[in-house]
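# Structural overview
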Amino acid sequence: MSFPRKTGSPNPMSIKANDVDLFHSASNIALMQLLEQIDILFDTYANEMTNLIEASGIEELCSDLKVGADDVRMLMLAWKMKAKKQGFITQDEWRRGLKALEANSLEKLQRALPALEREVMRPSNFKDFYAFAFRYSLTEERQKTLDIGSICLLLKIVLGSQFRPQVDSFTQYLQMQKEYKVLTFDQWMGFYQFCNEISFPDLNNYDDQLAWPLVLDSFVEWIRQKNN
Amino acid sequence: MGSQKKRNFQIEAFKHRVVVDPKYADKTWKILEHAIHEIYNHNASGLSFEELYRNAYNMVLHKFGEKLYSGLVSTMTSHLKDISKFIEAAQGGLFLEELNRKWADHNKALQMIRDILMYMDRTFIPSTHKTPVHELGLNLWRDNIIHSSKIQTRLLNTLLELVLRERNGEVINRGLMRNIIKMLMDLGSSVYQEDFEKPFLEVSADFYRVESQKFIECCDCADYLKKAERRLNEEMERVSQYLDAKSEVKITNVVEKEMIANHMLRLVHMENSGLVNMLLDDKYDDLGRMYNLFRRVPNGLSTIREVMTSHIRDTGKHLVTDPERLRDPVEFVQRLLDEKDKYDRIIGSSFNNDKTFQNALTSSFEYFINLNPRSPEFISLFVDDKLRKGLKGVSEEDVEIILDKVMMLFRYLQEKDVFEKYYKQHLAKRLLSGKTVSDDAERSLIVKLKTECGYQFTCKLEGMFTDMKTSQDTMQGFNSAHGADLGDGPTLAVTVLTTGSWPTQPSITCNLPTEMLALCEKFRSYYLGTHTGRRLTWQTNMGTADIKATFAKGQKHELHVSTYQMCVLMLFNNADRLSYKEIEQATEIPASDLKRCMQSMACVKGKNVLRKEPMSKDIGEDDVFFVNDKFTNKLYKVKIGTVVAQKETEPEKQETRQRVEEDRKPQIEAAIVRIMKSRRVLDHNNLIAEVTKQLQSRFLANPVEIKKRIESLIERDFLERDNVDRKLYRYLA
């Protein structure tokens, strides 16, 4: 086993606390090897200076995986990694994600994607993924809202396959109206609930006296007016 | 005489048998039977009560009670059968009389017979559970007379016919009726009910059905009600005169149903004479009658109430949306008060002060007053008018009455905060121009508002009064400190207003004339000398000035003008002719205010101290002004320009409304936070309901607006939505 000698690259022997147990357990040599290979893979994409995979690295990864940058699967991968900031992957996040997928090579990673998709689509996970998508897209430190443009893109990626008609209609509305320039996390989550509970496109069971966010009240009114 | 042999004294039983002669019973019975005959034949006087009693007693004693009883039954029965034939034979009117007479006879006879047979009544009858004599006598009478086929129907028909005749106005023999009816009652309540009461009620129902139909076709509502009332009273009198008291409620029910309940709606809605007409014409008696009659039937009062309510709502709605009426706010409010007075009187005198009617009146007023969004403004204008001049010369009690009436209208308002805003504006103008008719009246109204709405509502208003008082003191201090310096110069009267208490005004530019500047500065330094850390800004748009003017022909006048007007006029001390632009430049008064100011001095007849070229009504940028040498006015003191509160112009209205809306936002948020802080977790609908309730005394909160505030509070991390149930909100400490 040869260890790549790059400046700044962590010595795999400087093991973090949570790997201590594994290190001590002889039967986990395979696991150790897995981790090492994951790290190697990390280094092929990471920026030497910052020890982070940045935009260019991500782009490269995407093309290697034969997946579009806007593909929902990249977002799912970020979710699996519990990545904090869009456009950056830390080593911890990388390790977390690939270890969970048991992928220590590009091929294995590629093959793991369909299973990952299924996992995310499970109802118990999907809500969490949906919430993650919003937070992940926030770029600034104290930012709490996303501009309408980003919202529309994100909705298409995240919900486009499941709730096509609702997403199309809502994005159309958002782009047409002038009152809201951004959406909050509360409104984002509200839309998901809307898709799940409200029959579409008839909207028969929508009651604006309930606790739906105002933006959805306006959306429903807009649809109803259009239909008249 | 020799001595007698002493015998033992013994009491021996009868040695001989007491033989009861078998014929004894027959013989005894015959005697009694004969007696009964005699009694029925009115020959009782020849009988010996003691002997008959003894005979009856003996029969029972010797165990012949059965024979006695059955004999009694058959004898009485045969007599009654004869009596029956006799009665049947009676013609016409005599039928009842005979029946009555025979009944009286029978009762007398029965009493005597009962007395004779008293021993049997007390011993034999109870032990054999037979019917006692008196009751037996009644039953036999019932079965043989009243229920005899030839009498039963005839009796009923006769009675009913008499009732009909009496209803049709004839006089009948009430005493006879009473006796007959009493007879039926005595025979048992089922006899009275089956043989008289039930058919009586049916026939009465038919009678009144027909009569009511006839009346309703030809009478107007008031007349019909009078007739119905008359009939009702008649029936009640009839019962008291000759029927069983228990029949009263039954027969009145019949009349109520046929005459009132069945025609209720038609009466109420009758054209030209129905309820609405009565209300319009203040027909207190007719309305009272309707109330008293309708309260007897189910839904009667609620029918009246509903029609009254919708009528009031309609008239109210027209009143508040009629542009003619809305021209004069004072007139408008007076009309409202008059309407309220009218209905208070009606409810008081005709509707028995019925609480449900009062409530209906209140809710109707609440409904239509709030249809017009300008109602709060108009009510404030009404108060303004009263406090400026309307209450002049009015006694203290009457002042209270009027103010209480105003408070009542105020209570109906949903948007009380809008009223507060306008009231503040109008009060400010009144105080500053010194134009209030009575300080006591002003204070009294403030107290009433405080009682109604709480301290918060009025603390600022009270602040305004305080400022006025304090300013007086300040002026006294200023004049005693600097009075000597002023000499012949202009005098200054300053009112210092605390910014928070008075309606906010944007500060406007205005250059004061030099004559005033020095004086104003003196005051400013005096004031700030005693009140460090404060800032004073002259509110030139709120002041007034009194100027002495001498015109070309020597006319002297004292002019009462606004501060703006003063600035303009003072310019003419140094120039004979000034263009609009020059005036604008010199005074720096904003265009719209300046134009109005110039207009009031150059274009109003009797107040035209200035002359304008050209002589048009409007102020143009190129106009030129001169002092009007030809100015005349009968009075020495001339008031120029109006400072009286007017109805707001459209843009002003929008501005006020916007400010009100803005003020509501923090109030809604404060309510939400208060409620969530105490409840910790609450669902959406309940939160909306509680917020609305909390704010009710100020304004009607819009659920959409409340939702907006909730979302804003979520964004600012005061609240969060529950993760699982998104209807629930949680307070974040």
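Residues numbered from 1 in each chain as written. Chains lettered and ligands numbered in written order. Predicted model: local features only at pLDDT ≥ 70, side-chain atom pairs only at ≥ 80, totals over all residues. Heavy atoms only, no water.

The subject of this paragraph is the overall build of chain A. Scanning chain A from terminus to terminus reveals 11 helices and 2 strands. Starting at the N terminus, the α and β elements of chain A follow one another as α-α-α-α-α-α-α-β-α-α-β-α-α. Within the span of chain A, comprising 228 residues, buried residues form 46% of the whole. Within chain A, contacts between residues at least 6 apart in sequence are counted, and of these 64% link residues at least 24 apart. Total accessible area on chain A is roughly 12700 Å²; 52% of this is exposed by carbon and sulfur atoms. (Helix = DSSP H or I, 4+ residues; strand = E, 2+ residues; numbered from the N terminus. Buried < 20%, exposed > 50% of the residue type's maximum accessible area, 1.4 Å probe, protein only. Contact = heavy atoms within 4.5 Å. Areas by Shrake-Rupley, 256 points an atom, 1.4 Å probe, with all protein chains shown as cover.)

When you go through chain B residue by residue, the secondary structure sums to 30 helices and 9 strands. Based on the C-alpha atoms only, the size of chain B along its principal axes is roughly 175 × 70 × 65 Å. Classification of the 733 residues of chain B by burial places 44% in the buried group. Put simply, 71% of the contacts in chain B that link residues at least 6 apart link residues at least 24 apart. In the structure as shown, chain B presents an accessible area of about 39500 Å², 51% of it carried by carbon and sulfur atoms. In chain B, which carries 111 positive and 107 negative side-chain charges, the distance between the mean positions of the two groups comes to 4 Å. (Lys, Arg positive; Asp, Glu negative; His and termini not counted. Charge placed at Lys NZ, Arg CZ, Asp CG, Glu CD.)

Time to look at the sheet that holds strand β1 (residues 544-550) of chain B. Residue and element names in this part refer to chain B. Ordered in space as β1-β2-β6, the 3 strands form an open sheet in which the pairing is mixed. Looking at which strands have only one partner, the edges of the open sheet turn out to be β1 and β6 (637-639). Put simply, the sheet's adjacent strands are angled 25° from each other on average, direction ignored. Pairing between strand β2 (residues 556-562) and β6: 3 bridges, direction parallel. What sits directly across from Leu559, in β6, is Val638. (Pairing = 2+ DSSP bridges. Axes fitted to C-alpha atoms, helices over the stretch in contact; angles between N-to-C directions.)

Residue and element names in this part refer to chain B. Its location among the elements puts Lys612 in strand β4 (residues 610-613). Taking relative accessible area as the criterion, Lys612 reaches 3% and is therefore assigned buried. Separated by 3.1 Å, the side chain of Lys612 and the backbone oxygen of Pro614 make a polar contact. Of note is the side chain of Lys612, whose polar atom sits 2.8 Å from the side chain of Asp623. What Lys612 contacts, discounting residues up to four positions off in sequence, is Ala602, Cys603, Asp618, Ile619, Asp623, Val624 and Phe625. (Polar contact = N/O pair within 3.5 Å; in protein donor to acceptor, adjacent residues only side chain to side chain.)

Pairing between side chains of opposite charge can happen when the charged atoms of each approach one another. Residue and element names in this part refer to chain B. Enumeration according to the criterion identifies 70 salt bridges over all chains in this entry. Its salt-bridge partner being Glu235, residue Arg167 comes within 2.8 Å of it at the nearest N-O pair. Here Glu235 lies in helix α11 (residues 221-242) and Arg167 lies in helix α8 (residues 149-167), a separation of 68 residues in the sequence. For the residue pair Arg167 and Glu235, the accessibility class agrees, reading buried in each case. Notably, a salt bridge pairs Arg209 with Glu258, separated by 3.1 Å at the nearest N-O pair. Within this pair, whereas Arg209 is found in helix α10 (residues 189-218), its partner Glu258 is found in helix α12 (residues 247-260), the two being separated by 49 residues in sequence. With a relative accessible area of 3%, Glu258 lands in the buried category. (Salt bridge = Lys/Arg side-chain N within 4 Å of Asp/Glu carboxyl O.)

This part takes up the state of the cysteines. Residue and element names in this part refer to chain B. All chains considered together, the criterion is met by 0 disulfides over all chains. Cysteine Cys221 remains unbridged, with the sulfur of Cys219 as its closest cysteine sulfur at 10 Å. Of the residues examined, Cys221 reaches a relative accessible area of 0% and is grouped as buried. (Disulfide = S-S within 2.5 Å.)

Residue and element names in this part refer to chain B. By the secondary structure assignment, Leu559 is in strand β2. Leu559 gets classed as buried once you look at its relative accessible area, which sits at 3%. Sequence separation between Leu559 and Thr128 is 431 residues, and the spatial gap between their C-alpha atoms is 120 Å. If near-sequence neighbours (up to four positions away) are discounted, Leu559 is found in contact with Ala545, Asp546, Ile547, Ala549, Leu569, Val609, Val638 and Ile640.

This paragraph deals with the packing of helix α17 (residues 329-349) of chain B against helix α19 (residues 375-390) of chain B. Residue and element names in this part refer to chain B. Contact pair α17 / α19: the axes reach a minimum separation of 8 Å and the direction vectors enclose 100°. Classed by the angle they form, the pair α17 and α19 counts as roughly perpendicular. The segment α17 lies against α19, with Pro329, Val330, Phe332, Val333, Gln334 and Leu337 engaging Ser375, Phe378, Ile379, Leu381, Phe382, Asp385 and Lys386. Per-class residue counts for the contact of α17 with α19 are 9 nonpolar, 2 polar and 2 charged. (Parallel < 35°, antiparallel > 145°, perpendicular 65-115°, else oblique. Nonpolar A, V, L, I, M, F, W, Y, C, P; charged D, E, K, R; others polar.)

The subject of this paragraph is α10(B). Here α10(B) is 30 residues long and its end C-alpha atoms lie 40 Å apart, about the 44 Å a rise of 1.5 Å per residue gives. The largest bend in α10(B) amounts to roughly 35° and is located at Glu197(B), with the proline Pro199(B) lying one to four residues further along. (Expected span 1.5 Å × (residues − 1). Bend = angle between axes of the 7 residues up to and from the residue.)

What follows covers a negative patch on the surface. All names here are of chain B. On the surface, a cluster of negative charge is made up of Glu396, Glu397, Asp398, Asp439 and Asp440. Elements with a minimum of two residues in the negative patch: α20 (396-412) and α22 (439-453). Sort the elements by how many residues they give to the negative patch and α20 lands first, with 3 residues. By secondary structure assignment, the location of Glu396 is in helix α20. (Patch = residues over 30% accessible without salt bridge, like charges linked within 9 Å, V, L, I, M, F, W, Y side chains within 5 Å.)

With that out of the way, let us pick up the sheet that holds strand β3 (residues 577-579) of chain B. Residues and elements named next belong to chain B. One open sheet holds the 3 strands; their spatial order is β3-β5-β4, and the pairing between them is antiparallel. Across the chains shown, the open sheet's two edge strands, defined by having one partner strand only, are β3 and β4. Ignoring which end each strand starts from, the neighbouring axes of this sheet average 30° apart. With 3 bridges joining them, β3 and strand β5 (residues 624-627) adopt antiparallel strand pairing. Opposite Ser579, over in β5, you have Val624 as the bridge partner.

Residues and elements named next belong to chain A. With 16 residues, helix α6 (residues 106-121) should reach 22 Å at 1.5 Å per residue; the first-to-last C-alpha distance of 23 Å fits that figure. Its maximal kink placed at Leu113, α6 deviates by approximately 35°, while the proline Pro114 follows within four residues. The complete set of buried residues in α6 reads Leu106, Leu109, Ala112, Leu113, Leu116, Glu119 and Val120. Those residues of α6 hidden inside the fold are in contact with α2 (29-45), α3 (55-65), α4 (72-81), α5 (91-101) and α7 (123-137).

Taken together, the contacts link 14 residues of chain B with 18 residues of chain A. Of the roughly 1300 Å² buried between chain B and chain A, counting both surfaces, carbon and sulfur atoms make up 46%. On the chain B side of the interface with chain A, the three residues burying the most area are Lys707(B), Glu711(B) and Arg726(B), jointly 44% of the side's total. Where chain B meets chain A, there are 4 salt bridges. In this structure, Arg726(B) and Asp186(A) form a salt bridge, with 3.4 Å as the shortest nitrogen-oxygen distance. Taken together, the links from chain B to chain A amount to 14 residue pairs in polar contact (both at pLDDT 80 or more). Considering each element in turn, the side of chain B that touches chain A owes the most residues, 6 residues, to helix α30 (residues 703-715) of chain B. Class assignment of the residues belonging to the side of chain B that touches chain A gives a composition of 3 nonpolar, 3 polar and 8 charged. (Buried area = accessible area lost by both parts, 1.4 Å probe.)

All names here are of chain A. Of the residues in chain A, 88% reach a pLDDT of 70 or more, and the chain-wide mean stands at 85. Of all the helices and strands in chain A, helix α1 (residues 20-24) carries the lowest mean pLDDT, 58, while helix α9 (residues 164-176) carries the highest, 93. Of the regions scoring below 50 in pLDDT, residues 1-6 engages in 7 contacts with residues more than four places distant in sequence or in other chains. (pLDDT = per-residue confidence, 0-100.)

With that settled, the discussion passes to the pairing of strand β9 (residues 728-731) of chain B. Residues and elements named next belong to chain B. Judged by which residues are buried, β9 turns out to be one-sided: Tyr729 and Tyr731 face inward and are buried, whereas Leu728 and Arg730, on the alternate face, are not. Inspection of the sheet shows strand β7 (residues 681-683) paired to β9 by 3 bridges, in the antiparallel sense. What sits directly across from Asp683, in β9, is Leu728. In this sheet, β9 lies alongside strand β8 (residues 719-721) in antiparallel orientation, the contact comprising 3 bridges. Note on β9: the bridge partner recorded for Arg721 is Tyr729. Taking the residues that link successive antiparallel strands as the turn, the β8-β9 hairpin has 6 residues.

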